[in-house]
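# Observations on the model geometry
Listed below are the residues making up each chain.
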Amino acid sequence: MKYGITESVKTLESKTKVVDVIHSIVEEKTKAVKYFLEGEEFRETLIFGAYLCGHYMASSLLNDSEKVILVDKYPHLKDIVLNERITFMDINTFNLALRNKRLNPDLVIDLTGLGGVSPEVLSNFDPEVLIVENPKGIYDRDIFQADNSREKLKTGRRKGLLNTYRISRVSKTSGTMTLTIDTILDACHEIRELEGVLYVVPNIRYYEGTLFHEKNVKKFIGEINTPAVTVSSLEEDIYPKVEEILGKNIDRIKSFVEPVDR
Ligand code: SAH
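The numbers attached to residues start from 1 for each chain and follow its sequence in the written order. Confidence filtering applies because this is a predicted model: local features only for residues at pLDDT of at least 70, side-chain atom pairs given and counted only at 80 or more, and all residues used for totals across whole chains, interfaces and linings. Side-chain calculation: all heavy atoms of the structure are included, whereas hydrogens and water are not.

## Some points on the sheet that holds strand S2 (residues 10-13)
- Here, a strand pair is defined by DSSP locating no fewer than two bridges between the strands. Put simply, DSSP H or I for four residues or longer makes a helix, DSSP E for two residues or longer makes a strand, and each gets a number counted from the N terminus. An order of S1-S2-S10-S9 is seen for the four strands of this open sheet, with the pairing classed as antiparallel. Two strands in the sheet have a free side with no partner beyond their single neighbour: strand S1 (2-3) and strand S9 (197-202).
- With four bridges joining them, S2 and strand S10 (residues 229-233) adopt antiparallel strand pairing. For Leu12, the partnering residue across the bridge sits in S10 and is Val231.

Put into structure tokens, the structure is as follows:
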């Protein structure tokens, strides 16, 4: 706790950090995928899209798969892959391995979302299980037009669409960053309603600029390691309420894999 302009006003920072919100979301998505896989074991898992949940999911699937390959268009994202047992491939390495027929995955997961991997790329494989993340969070005409997740579900013996929504709240997409920002902003509105609160500041930035434009992974990791909200309040004792509201909003996020027959 710090004081504000005078000692009658306090400044509180949430214990929950931005990275904690991200972590809860990627954990929820991974849990949904694991539930769909029903404990099945795999020889080779291929995951497309390292950011933002790909890396976490890849680490977790190391328990169910002899080999896990994480493919991303951007070579610098190798730096977010801390687990040495994950094989990272940038798009050139992936294309070469594909041409040389060195890839034979029995589990394929596409997390690339809007504008990501094409249905043609996925049709190169014939896995036991294919899971594609549905990037849509709600009806938006442009997003519906841009989304081709169902078209990607043409190969694989068992297929599923990974969906993520928020209970009673709306987000435009299911993207981990979209959900992180919306969760923190919605929590801010609720915290503001507490008696004695003057204002609430969400400590969020345009992180994708740091990660994809500046290509600075270290800076990105530092930036998300910050309290999710700063609250200016007359009373210190609203502190547990701040955490409770953040927690309640995080718990709204639910993922499930919808089986797809076609
Ligand atoms: N759905 C994810 C976010 C995906 S962002 C989540 O919610 O966490 C898209 C990611 O896929 C980025 O890391 C981007 O670099 C990668 N990507 C986009 N197109 C790709 C392609 N054609 N091949 C491999 N990776 C791709």
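## Re the sheet that holds strand S5 (residues 86-90)
- Pairing is mixed across the open sheet formed by seven strands, whose spatial order is S5-S4-S3-S6-S7-S8-S11. In this open sheet, the two edge strands, each paired with only one partner strand, are S5 and strand S11 (253-260). This sheet shows a mean twist of 20 degrees between the axes of neighbouring strands, independent of strand direction.
- As paired strands, strand S7 (residues 129-133) and strand S8 (residues 158-166) are joined by five bridges and run parallel to one another. By the bridge assignment, Leu130 is partnered in S8 with Lys159. An axis is simply a line fitted to the C-alpha atoms; with a helix, the fit covers only the stretch in contact. Between two such axes, the angle follows the N-to-C directions and lies from 0 to 180 degrees.

## Let's talk about the domain arrangement of the protein
- Segmenting the protein into domains produces domain 1 (2-21 + 170-253) and domain 2 (22-167).
- Each domain's limits were defined by an automated method or a database of domain assignments. The C-alpha-based centres of domain 1 and domain 2 are spaced at 29 Å.
- Contacts between the two partners involve 27 residues from domain 1 and, on the opposite side, 27 residues from domain 2.
- Where domain 1 abuts domain 2, roughly 2,500 Å² becomes buried across the two surfaces, and 62% of that area is made up of carbon and sulfur atoms.
- The largest share of the area that domain 1 buries against domain 2 comes from Ser174, Thr176 and Ile253, three residues that together contribute 25% of it.
- A 3.5 Å cut-off defines polar contacts: any pair of N or O atoms within that distance qualifies, except that in protein one atom must be a possible hydrogen donor and the other a possible acceptor, and neighbouring residues in sequence count only when both atoms are side-chain atoms. Put simply, domain 1 and domain 2 have 20 residue pairs in polar contact (both at pLDDT 80 or more) between them.
- Mapped by element, the contributors of at least two residues to the side of domain 1 that touches domain 2 are helix H1 (18-37), helix H7 (176-192), helix H8 (207-213) and helix H9 (217-224).
- If one sorts the elements of the side of domain 1 that touches domain 2 by residue count, H7 sits on top with seven residues.
- Three classes are used, and their members are as follows: Ala, Val, Leu, Ile, Met, Phe, Trp, Tyr, Cys and Pro are nonpolar, Asp, Glu, Lys and Arg are charged, and the others, Gly among them, are polar. Residue classes in the side of domain 1 that touches domain 2 are distributed as 13 nonpolar, seven polar and seven charged. Any two residues whose heavy atoms approach within 4.5 Å at even a single point are treated as in contact. Reported buried area values correspond to the accessible surface (1.4 Å probe) lost by two parts on association, with both partners' losses combined.

## Focus: helix H10 (residues 239-251)
- Helix span, expected: 1.5 Å multiplied by one less than the number of residues in the helix. The end-to-end C-alpha distance of H10 is 19 Å, a good match for the 18 Å that 13 residues give at a rise of 1.5 Å each.
- Accessibility here uses a 1.4 Å probe with only protein chains present; expressed as a share of the type maximum, an area under 20% marks a residue as buried, one over 50% as exposed, and anything in between as partly exposed. Taken residue by residue, H10 has Val242, Glu243, Ile245, Leu246, Asn249 and Ile250 as its buried positions. Projected onto a plane normal to the axis of H10, the buried residues spread over an arc of 160 degrees and lie on a single side. Away from its buried face, by an angle of more than 90 degrees, H10 presents the exposed residues Pro240, Glu244 and Asp251.
- The elements touched by buried residues of H10 are H1, H7, S10 and S11. The directions considered for the arc run from the helix axis to the C-beta atoms.

## Here's the deal with the site of the ligand
- Neighbouring the ligand are 18 residues; Lys29, Asp72, Leu111, Glu133 and Thr176 lie closest to it.
- Taking Cys53, its main chain carries an N or O atom lying 3.1 Å from an oxygen atom of the ligand.
- Contact between the ligand and Lys73: a nitrogen atom at 3.1 Å from a main-chain N or O atom of the residue.
- Values of accessible area rely on a 1.4 Å probe in the Shrake-Rupley scheme; residue burial ignores everything except the protein chains shown. Coverage of the ligand by the protein amounts to 85% of the 590 Å² it exposes when considered alone.
- Taken together, the residues of the shell around the ligand break down into nine nonpolar, five polar and four charged.
- Both domains that meet at the shell around the ligand, namely domain 1 (2-21 + 170-253) and domain 2 (22-167), each give it at least three residues. Here, proximity means that at least one heavy atom of the residue falls within 4 Å of the molecule or strand.

## Some thoughts on the pairing of strand S6 (residues 107-110)
- Going residue by residue along S6, you find Leu107 and Ile109 tucked away on one face and Val108 and Asp110 tucked away on the opposite face as well.
- Here four bridges tie strand S3 (residues 42-48) to S6, and the two strands are oriented parallel to one another. Pairing of Thr45 across the sheet is with Leu107, part of S6.
- Examined bridge by bridge, S6 and S7 share four bridges and lie parallel to one another. Each bridged residue has a counterpart across the sheet, and for Leu107 the counterpart in S7 is Val129.

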